[in-house]
Amino acid sequence: SMRLQTLWRTVAGMMLYHPALEAHAAVQRIPNGALAQDGIWDPSVCFSCIVSMQNYKQFDPIKIAQTNRMFDKFPDSLKVAYIDQTDLFSATAEDQHEAIRKNATLDGVHKWQQRRYFSCVIDKHSALLSDNRRVPKFKVELPGFPILGDGKSDNQ
């Protein structure tokens, strides 16, 4: 899609910083120093490119494959942040009201909140699931639905 092409170009430009850091370290290296050995210093330690793909959880298999291709193409410093969601219950319609109240009481969430939202981060080394999605390295619960408005059009 056009959005992923634009994102790819943007990320490719940002990821040029990684080899630039490697070249800078090579020029600045002390010939007999500890960092002069290959494989000792990694630019990914001081540089990360975090891409926000808020709808990664809803991506179709083609977009998932394109995202995984980005991980294969670019260095380890590329990370993707996205929003995950989990329903509080898996009950029938009759039991829904009681299940929501019970779960909310157990973990201190508002009794009418039916869904939980999480901010997640994945990278090249995150484990792959059967559908080629990646298992998040970090997962932090958010206080509610984080997306306000329709995105770019509302912010301009």
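Residues numbered from 1 in each chain as written. Predicted model: local features only at pLDDT ≥ 70, side-chain atom pairs only at ≥ 80, totals over all residues. Heavy atoms only, no water.

**Describing the pairing of strand β1 (residues 49–52)**
Part 1 of the argument: On β1, burial follows the alternation: Cys 49 and Val 51 on one face are buried, whereas Ile 50 and Ser 52 on the facing-out side are not.
Part 2 of the argument: Summarising the sheet, β1 and strand β2 (residues 78–87) pair through 4 bridges and their orientation is parallel. Residue pairing in the sheet places Cys 49 in a bridge with Leu 78 of β2.
Part 3 of the argument: With helix α3 (residues 61–73) bridging β1 and its parallel neighbour β2, the resulting β-α-β unit is right-handed. (Buried < 20%, exposed > 50% of the residue type's maximum accessible area, 1.4 Å probe, protein only. Helix = DSSP H or I, 4+ residues; strand = E, 2+ residues; numbered from the N terminus. Pairing = 2+ DSSP bridges. Right-handed = clockwise from strand over helix to strand, strands pointing away.)

**Some points on unusual backbone geometry**
Part 1 of the argument: Not every positive phi belongs to a glycine, and Asn 132 is a case in point at roughly 75 degrees.
Part 2 of the argument: Assignment of secondary structure puts Asn 132 in the loop between β3 (115–123) and β4 (138–142).
Part 3 of the argument: According to the relative accessible area criterion, Asn 132 is partly exposed, its value standing at 42%.

**Focus: the pattern of salt bridges**
Two side chains of opposite charge can pair, provided their charged atoms sit close to one another.
Part 1 of the argument: What the rule picks out here adds up to 6 salt bridges.
Part 2 of the argument: The residue Lys 57 makes a salt bridge to Asp 84 at a minimum N-O spacing of 3.3 Å. Here the residue Lys 57 occupies a position in the loop between β1 and α3, and Asp 84 occupies one in strand β2, the gap between them amounting to 27 residues.
Part 3 of the argument: Asp 123 is the partner of Lys 137 in a salt bridge, and the nearest nitrogen-oxygen pair spans 3.6 Å. You can see Lys 137 sitting in the loop between β3 and β4 and its partner Asp 123 sitting in strand β3, a full 14 residues away along the chain.
Part 4 of the argument: Taking relative accessible area as the criterion, Lys 137 reaches 43% and is therefore assigned partly exposed.
Part 5 of the argument: Under the relative-accessibility criterion, Asp 123 is labelled buried at 6%.
Part 6 of the argument: Each of Lys 57, Asp 84 and Lys 139 takes part in one network of salt bridges that share partners. (Salt bridge = Lys/Arg side-chain N within 4 Å of Asp/Glu carboxyl O.)

**So, α3**
Part 1 of the argument: Relative to the 18 Å expected for 13 residues at 1.5 Å per residue, α3 spans 18 Å between its end C-alpha atoms, a close match to the ideal helical length.
Part 2 of the argument: When we look at burial in α3, the residues that qualify are Ile 64, Thr 67, Asn 68, Met 70 and Phe 71. Buried residues of α3, seen end-on, are gathered within an arc of 145 degrees and therefore sit on one face of the element. In α3, those exposed residues whose orientation departs by more than 90 degrees from the buried face are Ile 62, Arg 69, Asp 72 and Lys 73. (Expected span 1.5 Å × (residues − 1). Arc of directions from axis to C-beta.)

**Regarding the sheet that holds β4**
Through backbone hydrogen bonds, the strands of a sheet pair up, either in parallel or in antiparallel fashion.
Part 1 of the argument: One open sheet holds the 4 strands; their spatial order is β1-β2-β3-β4, and the pairing between them is mixed. Strand pairing shows two members of the sheet lacking a second neighbour, β1 and β4, which therefore form its edges. Averaged over all pairs of adjacent strands, the angle between strand axes in this sheet comes to 30 degrees, irrespective of strand direction.
Part 2 of the argument: Against the sheet, α3 contacts β2 and β3, and its axis sits at roughly 145 degrees relative to β2. (Axes fitted to C-alpha atoms, helices over the stretch in contact; angles between N-to-C directions. Contact = heavy atoms within 4.5 Å.)

**Regarding helix α2 (residues 17–28)**
Part 1 of the argument: The terminal C-alpha atoms of α2, which comprises 12 residues, lie 16 Å apart, in line with the 16 Å expected from a rise of 1.5 Å per residue.
Part 2 of the argument: For α2, the full list of buried residues reads His 18, Leu 21 and Ala 25. Down the axis of α2, the sector holding all buried residues measures 60 degrees, keeping them to one side.

**Some remarks on the confidence of the model for the protein**
Regions with low pLDDT should not have their predicted coordinates read in detail.
Part 1 of the argument: Chain-level pLDDT for the protein is 80 on average; 72% of the residues reach the 70-or-more range.
Part 2 of the argument: The lowest-confidence element of the protein is helix α5 (residues 152–155), averaging 56 in pLDDT; the highest-confidence one is α3, averaging 93. (pLDDT = per-residue confidence, 0-100.)

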